[in-house]
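# Per-entry structural report
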Amino acid sequence: MKVSEGKLRREIEANAQFGALPDAEGQGRTALTGTDANRRARERFVDRLEAGGFDVRIDAVGNIVGRWVPPSADPTAPPVVTGSHLDSVPVGGIFDGPLGVYGGLEAVRAIRESGRSLERPLHVVCFTEEEGQRFGNGILGSSVATGQQSVDDALAFEDESGTTLEEALDRIGFHGSGRIDASEWDSWLELHVEQGTRLEQDGASAGIVTNITGITHCYLEVTGEADHAGSTPMTDRTDALAAASEVVLDVEAAANRLVADASPSAVGTVGKSVVEPNATNVIPGQVRLGIDIRDVSSDSIAKLVDALEASARRIERERNVEASVSRPYDVPPEPMTDRCRETLIEAAAETNVRASLMHSGAAHDTMNVARVTDAGLLFAPSRGGISHNPREWTEWEDCAAATTVLAEALARLAEA
């Protein structure tokens, strides 16, 4: 099979024009779900599918599926499926998502031209709202396709303006019908940029994922008393921000201890802070922190949540504040299927592409799909590990090398 680096590059560069940020350092784009930029990206993808001889379906939450049935295949057989997403974060890069969508399209093209005899259909999918930047918490389209969320609940999500996902999809013409059911698939492989430095350090052009990290989002509410910054003595203050700051450091310390003692892949991040009344001359009366906890081990995640709750109890005692912890978002770690992982390993060896085994520290649609069918995840290197940034970059030769591994693996799964 011959993957074309030039064709893959042209597809990704063409997609990069939708929501392009000409003043950004690097190549940036903003294509939030349901925006005009996202509409144009979707329309081009559908055009490319139809031009490639795929039958196209759009479901009720805007997931796009292109279906190709090889002449040798049983059209009723469960398909082998690949893909990713076309939405982006604000001021994001050009590879995150589109490499998996157009890499999947190029992989199937290469398989078709190879003339290999396949027993199963091949599908290429674009999932809706993977990034979770406008509607919901992320990996939304795949959560519906895997039955973890209903169509109605997903369509009811609102953005900050009160616009629902249903309204946004109607506006751009991508509110289809029915529900794609991933449990009917034989298997799934996703190609994605690594968003880390492991492959670059290893000198590898592909990363074969063993498991995907679990993700827990916690929120800490700290209530003290707002008061005048000048006339309130230091000994009479109940400063919510000073108390919350101790929790920030406690979370960092707990994660560092866990990394040193038990799990090198554990991370804990306080990434969001809302301070009220947020005035320079007012002692903060209330603070809300957003905490992101991840690891490939559920036990490690539980230990970090316990450390957060212990820290909250401590500042209540020592700082005379009120503190509460909520845990509204909890996605467990997900191992990749042995069958798909081994197929990717064999494909890398067959195509002479150097590959490393590794875990994924970021969530991807694959973690949802893996709950209902055999699934695998393949990475391409990220220069400097930079992602969600216009300076996100994967060398074109690495894009092609990883796509070659993808093509060989898809063909092997479809031959079985």
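Scroll up for the structure.
Residues numbered from 1 in each chain as written. Predicted model: local features only at pLDDT ≥ 70, side-chain atom pairs only at ≥ 80, totals over all residues. Heavy atoms only, no water.

Check the secondary structure of the chain and you find 12 helices and 17 strands. Relative to the globule expectation of 22 Å for 416 residues, the C-alpha radius of gyration of the chain, 23 Å, shows essentially globular dimensions. The contacts in the chain between residues at least 6 apart in sequence include a share of 79% that link residues at least 24 apart. Element-wise, carbon and sulfur atoms account for 45% of the exposed surface of the chain, whose accessible area totals about 17000 Å². Side-chain charges in the chain split into 38 positive and 67 negative, and the spacing between the mean points of these groups amounts to 4 Å. (Helix = DSSP H or I, 4+ residues; strand = E, 2+ residues; numbered from the N terminus. Rg over C-alpha atoms; globule rule 2.2 N^0.38 Å. Contact = heavy atoms within 4.5 Å. Areas by Shrake-Rupley, 256 points an atom, 1.4 Å probe, with all protein chains shown as cover. Lys, Arg positive; Asp, Glu negative; His and termini not counted. Charge placed at Lys NZ, Arg CZ, Asp CG, Glu CD.)

Of all hydrophobic cores here, the largest spans 67 residues; its most connected members are F45 and L122. Here this core gets 13 residues from one element, more than from any other, and that element is helix α12 (residues 396–415). Setting aside anything within four residues of it in sequence, one finds F45 in contact with I64, L86, V101, Y102, V124 and C126. (Core = buried A, V, L, I, M, F, W, Y, C linked by side-chain atoms within 4.5 Å. Buried < 20%, exposed > 50% of the residue type's maximum accessible area, 1.4 Å probe, protein only.)

Together, D152, D153, E158, E166, E167 and D170 give the surface a local cluster of negative charge. Contributing elements (two or more residues each) for the negative patch: α5 (151–155) and α6 (165–172). Here the element with the most residues in the negative patch is α6; it accounts for three residues. (Patch = residues over 30% accessible without salt bridge, like charges linked within 9 Å, V, L, I, M, F, W, Y side chains within 5 Å. Salt bridge = Lys/Arg side-chain N within 4 Å of Asp/Glu carboxyl O.)

Another point: α12. Helix length check: α12, at 20 residues, gives a terminal C-alpha distance of 28 Å against a target of 28 Å (1.5 Å per residue), a fit within 8%. Taken across its 20 residues, α12 has 17 buried, putting it largely inside the fold. (Expected span 1.5 Å × (residues − 1).)

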